[in-house]
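# Overview (structure and organization)
The chain contents come next:
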Amino acid sequence: MSDAFLSLQDLTLGYGDSVAVEALNLELRRGELVALLGPSGCGKTTTMRAIAGLMKPMSGRITLDGRDITRVAPNKRGIGLVFQSYALFPHLTVFENVAFGLRLQGVAKDEITRRVNAALASVGLGSFADRQPKALSGGQQQRVALARSIVVEPKLLLLDEPLSNLDARLRLEMRSELARLQKELGITMIYVTHDQSEALALADRIVVMRQGRIEQIDTPANIYERPVSGFVAEFIGFENTFALKDGALTTAKGRLPLDTAPKAHGLAWRPRAVLLGQGAHEGRVIGASYLGETVEYLIDSAAGPIKAETPANAPRHAMGESLRFDLPVETAAVLSRA
Ligand SMILES: Nc1ncnc2c1ncn2[C@@H]1O[C@H](COP(=O)(O)OP(=O)(O)OP(=O)(O)O)[C@@H](O)[C@H]1O
């Protein structure tokens, strides 16, 4: 057996006869934060449910800290959960909400007081112990939910879109809070999100899922800069993705020949890597949106629309204008798979 802290081996999961996740293999090191990233329906929540023991795998094995937990009851796995709906008990104080799991475990009173206060302090709610949940903001409630799950010192913490109910500012605040807590407490975490910036900011490694399979596992920097496939590239913001065929960038709409083409399945560029006003290709401006810092152009080309982004203080291009553009191969992401 490997020395992985959590290991998912050939895990196949489904509902009735329909398979939702197929032969998934994933290993986490102790203390690692791994983000599961992917579009709606790709199997993120299903994977989390199986790890938590809330559904039985069709086949495969799960081990945690050297123990096979595939058939262990959810409450005996030592796994904490924070889901999107963080339902606190409305009639209990913040303190009692956090103490709940420890009371169930029969932990001594003094130790409960000590651990609950420490958990509340670690999420910045030390002075809120006596409040009722309804007297807290959404972000504060979310932090109580987090304190409640870390106080029982789980071996593994599963977070499924835990910040999705919060407004943009709170999300950012909670995101850095979570990162700090995770490092401070050394908790191993799996974090489900469909928000790429959240995954990039938080994770040690990102798992990109597609239709129940893993498409790429890598560091945030490698996922962002070196996506292996068109699917990952598009998901992570490379809006100009092409297959390479006979030395030309190829889409269903047409082709753009290249002087020199690398050996690869495809190439992809972010909008800001597209150069306007120079280069081997020709196009016509069919869209222009002012975004504040930048202007985003849609350029009609022989291979369909190309998205380009230039600094707002660069020379502007008018709608309908014909211009040359360049897709420099040296700034492209080289895609090894379809
Ligand atoms: N209770 C269920 N019964 C039948 N099929 C289900 C059930 N829950 C999920 N599925 C199916 O399993 C697949 C994976 O769903 P899952 O909820 O794991 O996706 P997800 O990546 O978490 O999506 P989202 O980001 O929308 O939460 C989907 O095709 C979904 O329709």
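Before any of the text, the structure's been laid out above.
Since this is a predicted model, take the numbers as computed values, not measurements. (Residues numbered from 1 in each chain as written. Predicted model: local features only at pLDDT ≥ 70, side-chain atom pairs only at ≥ 80, totals over all residues. Heavy atoms only, no water.)

In terms of helices and strands, the protein chain carries eight helices and 19 strands. Viewed in the frame of its principal axes, the protein chain has a C-alpha envelope of about 75 × 45 × 35 Å. Looking at the protein chain as a whole, 49% of its 338 residues are labelled buried. Put simply, of all contacts in the protein chain between residues at least 6 apart along the chain, 64% involve residues at least 24 apart. Surface summary for the protein chain: the accessible area is close to 16100 Å², and the carbon and sulfur share equals 50%. For the protein chain, the distance from the average position of its 39 positive side-chain charges to the average position of its 37 negative side-chain charges is 5 Å. (Helix = DSSP H or I, 4+ residues; strand = E, 2+ residues; numbered from the N terminus. Buried < 20%, exposed > 50% of the residue type's maximum accessible area, 1.4 Å probe, protein only. Contact = heavy atoms within 4.5 Å. Areas by Shrake-Rupley, 256 points an atom, 1.4 Å probe, with all protein chains shown as cover. Lys, Arg positive; Asp, Glu negative; His and termini not counted. Charge placed at Lys NZ, Arg CZ, Asp CG, Glu CD.)

On to the environment of R255. For R255, the location among the structural elements is in strand 13 (residues 254-257). If we ignore the near neighbours within four places in the chain, the residues touching R255 are K245, D246, A248, L249, T250, A302 and A303.

Let us now look at helix 1 (residues 44-52). Side chains three or four residues apart in an α-helix point the same way, a direct result of the helix having 3.6 residues per turn. By the criterion of burial, helix 1 is predominantly enclosed, with seven of the nine residues buried. All buried positions along helix 1 are accounted for by K44, T46, T47, M48, A50, I51 and A52. Looking one or two residues beyond helix 1, the residue adopting positive phi is G53, at roughly 90°.

Turning our attention to helix 2 (residues 94-104). Three or more residues of helix 2 are buried, namely V94, F95, N97, V98, A99, G101 and L102. On the buried face of helix 2, the contacting elements are helix 3 (109-122) and helix 4 (138-150). Count one or two residues on from helix 2 and you reach G106, which has phi positive near 75°.

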